[in-house]
Amino acid sequence: MAFFRGLTAVSRLRSRMAQEATTLGGVRWLQMQTASDLDLKAQLQELIPEQQDRLKKLKSDHGKVQLGNITVDMVLGGMRGMIGMLWETSLLDPEEGIRFRGLSIPECQKVLPTAVKGGEPLPEGLLWLLLTGKVPTQEQVDALSKELLARSTVPAHVYKAIDALPVTAHPMTQFTTGVMALQVESEFQKAYDNGLPKSKFWEPTYEDCLNLIARLPPVASYVYRRIFKGGKSIEADNSLDYAANFSHMLGFDDPKMLELMRLYVTIHTDHEGGNVSAHTGHLVGSALSDPYLSFAAALNGLAGPLHGLANQEVLLWIKSVIEETGSDVTTDQLKDYVWKTLKGGKVVPGFGHGVLRKTDPRYSCQREFALKHLPEDPLFQLVSKLYEVVPPILTELGKVKNPWPNVDAHSGVLLNHFGLSEARYYTVLFGVSRSMGIGSQLIWDRALGLPLERPKSVTMEWLENYCKNKAA
Ligand code: NMX
Ligand code: MLT
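Rules used in this analysis
- Residues numbered from 1 in each chain as written.
- Chains lettered and ligands numbered in written order.
- Predicted model: local features only at pLDDT ≥ 70, side-chain atom pairs only at ≥ 80, totals over all residues.
- Heavy atoms only, no water.
- UniProt positions renumbered as here; feature names shortened; annotations may be inferred.
- Helix = DSSP H or I, 4+ residues; strand = E, 2+ residues; numbered from the N terminus.
- Buried < 20%, exposed > 50% of the residue type's maximum accessible area, 1.4 Å probe, protein only.
- Contact = heavy atoms within 4.5 Å.
- Polar contact = N/O pair within 3.5 Å; in protein donor to acceptor, adjacent residues only side chain to side chain.
- Near = heavy atom within 4 Å.
- Nonpolar A, V, L, I, M, F, W, Y, C, P; charged D, E, K, R; others polar.
- Core = buried A, V, L, I, M, F, W, Y, C linked by side-chain atoms within 4.5 Å.
- Expected span 1.5 Å × (residues − 1).

The protein chain goes by Citrate synthase in an unreviewed UniProt entry, where it is assigned to Miscanthus lutarioriparius. The record held by UniProt for the protein chain lists under Sequence similarities (unreviewed entry) the comment "Belongs to the citrate synthase family."

Next up, the structure:
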């Protein structure tokens, strides 16, 4: 938020003129001003030159400032803690959790527009925030909902591409195939082939990202209905917002489920740039691969069990506990099952994190949702019990840096409560949401002219020699 706290001179002038126009009854100016204020692309058009200047100044004033030391441990340990990427849309604090453009999840829940009074934020509002750094008005969010709806038509060949796969293929494989098939319509690729100059790259990137975000719910719900509901698709309801419409197309119209989907899509959008899916999207995009190619690559990272697939693994794991012990599982039985999992060489899904060192605030807000809407749900009670049982055991192991639950520990039992019980599908939901964060940053990557990503790698021999020379 701090980035854009000061409005640009033009916006300030416009706001003032709009106020004056209101008092003077100058309806024509007010309409012009309103149209541009509601247009997300026009807002970006204003912000981009400001941020380009800012980056230029950062480079020229501070380009040689050191940000830390790279250790051998970091190179061998998955680059943990190594700062190596610019990511504008969100920042993760190990203790506090994620902030989207400076706003924590509880703050977003307070200030972002909602569909229901006092309800969960609309993901369109978060998308606006990620892209512009400004909290949108209800009118801006409504305009963006309509814009996404207008962009949501999926070409028939996409469904044919999915249909070419066996229905038994994993939902993530079918979903990513759909994304690759959408790529045929990439505006960026067309514009690049036609010689678009670098200064304009962000514009077709914007078009692709907005189209992609808009088209994912129909593609994702097609995959769900194909695999789990005999192929009977459900038409979109154009009166609904993005998340509610997605839930509707999946086949879930309970108002509480619509609220859950709004919360779910909002909190899974972005988790700074270093996580596997975001980093992959950014890396592939840096080769000027278009947003569809970049996002499909990101989804393939999300499909790994240590990353987004963990939401599937959690519900399957919880169900396997019940299968083994019965539904009235005692604390001791739960402890035994956790130890059995660990002794079997497996991880306890939904616990631990590469950066976080406290309970994930995305877990906490889902817990609050459960306490409000489904406190008696037996699986929710089991998840609550796990919160007591798992962290002390992981701590006892002695090597786990963060014994606390992450976002995936909770999402499955909420979805399951409202009837979306097919765990194998859960990562697709994560993927739909993540398009907003990765897409927003891709637009800024191109607007800021960020370069090809190409870090240096070394061999063990190189490291051994380097360390020997250093010690000599
Ligand atoms: N259960 C068992 N062992 C664990 C767990 C866990 N939940 N978390 C970490 N460890 C182990 C880890 O496998 C490693 O063991 P080893 O040295 O034998 O290879 C050791 O503890 C140290 O790992 P950390 O440094 O604490 O964690 P790291 O940053 O390497 O990995 C995760 C982070 C998220 C991959 C890891 O905590 C994990 O595997 N968690 C379970 C899977 C999960 O919930 N993933 C979802 C993450 C969120 N998301 O949506 O992406
Ligand atoms: C995410 O949301 O991407 C996960 O919590 C993983 C991460 O941040 O590394």
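From this point on, the discussion continues.
Asker: Even after reading the chapter, I still don't get the UniProt feature "active site" (unreviewed entry) in the protein chain, so can you show me in this structure?
Answerer: Per the UniProt annotation, the sites labelled "active site" (unreviewed entry) are His307, His353 and Asp408. In summary, the annotated positions, though distributed over 102 residues, converge in three dimensions, the widest C-alpha pair being only 10.7 Å. Along the polypeptide, histidine 307 turns up in the loop between helix H15 (291-302) and helix H16 (310-325). Residue classification places histidine 307 among the buried positions, given a relative accessible area of 15%. Those residues within four positions of histidine 307 in sequence are excluded, and the remaining contacts are Asn275, Val276, Ser277, Gly301, Leu302, Asp408 and Arg434. Along the chain, histidine 353 falls in the loop between helix H17 (331-343) and helix H18 (361-373). Sequence-distant contacts of histidine 353, that is, excluding residues within four places in its chain, are made with Leu92, His271, Arg362, Asn402 and Asn406. A distance of 3.0 Å separates a polar atom in the side chain of histidine 353 from the backbone nitrogen of leucine 356.

Asker: So what exactly am I meant to see when it comes to the site of ligand 2 here?
Answerer: If you check the shell around ligand 2, you find His271, Asn275, His307, His353, Arg362, Phe430 and Arg434 and nothing else. Contact distances for ligand 2 include 2.7 Å between an oxygen atom and a side-chain N or O atom of arginine 362. Considered class by class, the residues forming the shell around ligand 2 number 1 nonpolar, 4 polar and 2 charged.

Asker: Looking at this model, I keep getting lost on the environment of proline 291. Mind explaining?
Answerer: Mapped onto the elements, proline 291 comes out in helix H15. Between the C-alpha atoms of proline 291 and glycine 439, which are 148 residues apart in sequence, the distance is 7.1 Å. Ignoring anything within four residues of it in the chain, the contact list for proline 291 reads Phe188, Thr205, Asp208, Cys209, Leu212 and Leu442.

Asker: I tried to follow the nonpolar core on my own but got confused; where do I start?
Answerer: Nonpolar side chains tend to gather and get buried jointly when the protein is soluble and globular. Among the nonpolar cores identified, the biggest contains 111 residues, and Phe175, Leu250, Ile318, Leu420, Tyr425 and Leu429 are the most heavily contacted of them. Ranked by residues supplied to this core, first place goes to helix H11 (residues 202-228) with 14 residues. Those residues within four positions of isoleucine 318 in sequence are excluded, and the remaining contacts are Leu379, Leu382, Val383, Leu386 and Val413.

Asker: Looking at this structure, how should I read H15?
Answerer: Each α-helix winds once per 3.6 residues, and so residues spaced three or four apart point in a common direction. An ideal rise of 1.5 Å per residue puts 16 Å on 12 residues; H15 measures up with 16 Å between its terminal C-alpha atoms. By the criterion of burial, H15 is predominantly enclosed, with 10 of the 12 residues buried. Of the positions making up H15, those classed as buried are Pro291, Tyr292, Ser294, Phe295, Ala296, Ala297, Ala298, Leu299, Gly301 and Leu302. Buried residues along H15 sit against helix H9 (171-182), helix H10 (187-193), H11, helix H14 (276-286) and helix H21 (426-447). Put simply, aspartate 290 is the residue that caps the front of H15, since its side-chain oxygen is 2.9 Å from the backbone nitrogen of tyrosine 292.

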